[in-house]
Each structure stands twice: as structure tokens, then as C-alpha cells.
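Remarks on the overall topology
Read off the chains here:
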Amino acid sequence: MDLWVKNLLRKKLDLEKFQRPQITIQQAIQILEQSQKNEDLIIVGSQKNKIIALIRPTSPWVAELDIVADCKGMMKLYKELRKMENWFWKKYPNVHRLEMITTNEKVVSLALRAGWKEEGYKKESYVDYNTMNYKGEYMFALLNPSH
């Protein structure tokens, strides 16, 4: 894993994604590095724009997406994610569907603008470890345009 990716993860990785409050950011990065070595995780990013996409294949046809970003402006994020999406479909044409789950309202807006389809909402299914309150999760999917 490149140093700039590790630095961005140290700064912006949401440990709530792991739903394991006992781990440190360094342990989370080690888990991600091992997953990348095992080819269970694909990391695509833009060092210039400080954006990475963590893509985890869950089957030969489906992959989950997480976004880690430290950029200003939704348009920059939108444009970079579209580039990454196009790269992904070309590199992995057998994947039919990308999935994303988020509790972040800004990401919900971005996903809808980018053509992702909202597939559901899981009420109070996610623990916010800062407040220990439950949050709802929005579920989205994007189908491969060449299928």
C-alpha cells in the first residue's frame, strides 16, 4: 500500500465502518493491507485529489465500495469517482454490480447524482461509536453499463 494511501487512511478512515471500537487506526490499516495482499480488496485512488475507493469483491459478480476522501467540493469528488468507476468497469468487466452502504447524507446526495439507485434503508442498524446512538443506513447499487 502506498504511503500517501496510508496517510489518507490515517487522517480520514472512519473506524465505525469496521464496527469494532477496540481496534486502532493502525490495526485497521493493517487489516486493509492484508486484505489487499490476499486480493480481497482493490484500492483505486487519486493522490492529487486525495480520494481513494476501497472495493471489496463479495462474489465474482458483485463488489462493495467504500470512499475515503479529503478533498474540497462535491464536484471534484464526483468527477474523480466517475473516473474510478469507468476504470473499474474496464478492468473488471465480469463484475455486474457495485454496492455501497452509507449513513452520510452528503454521500447519499452524491450517489443519487452519480446515477446510483437507492435500494433500501435499514433503520437504526449502525452504531455511532462517538455518541453510541444508532443510525440508519442507506443502501445503493450501480449496475455495469455494458451488461
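As a reminder, the structure under discussion sits directly above these lines.
None of the values given here were measured: they were computed from a predicted structure. Residues take numbers from 1 onward in each chain, read along the sequence in its written order. Given that this is a predicted model, residues contribute local features only at a pLDDT of at least 70 and side-chain atom pairs are listed and counted only at 80 or more, while totals for whole chains, interfaces and linings are drawn from all residues. Heavy atoms from the whole structure form the basis of all side-chain values; hydrogens and water molecules are not counted.

What to know about the overall build of the protein chain
Assigned secondary structure in the protein chain consists of four helices and six strands. Strands are runs of DSSP state E lasting at least 2 residues, helices are runs of H or I lasting at least 4, and numbering of each runs from the N terminus. Along its sequence from the N terminus, the protein chain presents helices and strands in the succession α-α-β-β-β-α-β-α-β-β. Radius of gyration: over C-alpha atoms. The globule rule applied is 2.2 Å multiplied by the number of residues raised to the 0.38 power. Here the C-alpha radius of gyration of the protein chain, 15 Å, is about what a compact globule of 147 residues would show, namely 15 Å. With the C-alpha coordinates of the protein chain rotated into their principal frame, the extents come out at 40 × 35 × 30 Å. Three exposure classes are used, based on accessible area relative to the maximum for each residue type with a 1.4 Å probe and protein chains only: buried under 20%, partly exposed in between, and exposed over 50%. With 147 residues in all, the protein chain has 39% of them scored as buried. In this analysis, two residues are considered to be in contact whenever any of their non-hydrogen atoms come within 4.5 Å of each other. Look at the contacts in the protein chain between residues 6 or more apart in sequence, and 53% of them connect residues 24 or more apart. Here the protein chain displays about 8900 Å² of accessible surface, and carbon together with sulfur accounts for 50% of that area. Using a 1.4 Å probe, accessible areas were evaluated by the Shrake-Rupley method; residue-level cover was limited to the displayed protein chains.

What about helix α3 (residues 74-91)?
The terminal C-alpha atoms of α3, which comprises 18 residues, lie 25 Å apart, in line with the 26 Å expected from a rise of 1.5 Å per residue. The set of residues buried in α3 consists of Leu77, Glu80, Leu81, Met84, Glu85, Phe88 and Trp89. On the buried face of α3, the contacting elements are β1 (42-46), β2 (51-57), β3 (62-69), β4 (97-102), α4 (105-113) and β6 (133-143). The length a helix should cover is 1.5 Å for every residue beyond the first.

Describing the pairing of β3
Relative to β3, β2 runs antiparallel, the two sharing seven bridges. Note on β3: the bridge partner recorded for Leu54 is Asp66. If you look at the hairpin formed by β2 and β3, you'll find four residues sitting between the two strands. One requirement defines pairing of two strands: DSSP has to find at least two bridges between them. Two elements, β3 and β4, share three bridges in a ladder whose sense is parallel. Directly across from Ala63, in β4, lies its bridge partner Leu98. A crossover links β3 with its parallel partner β4, the connecting element being α3, and its sense is right-handed. Consider the strands pointing away from the viewer: the crossover is right-handed when the path from the first strand over the helix to the second runs clockwise.

Geometric values such as these leave the question of function open.
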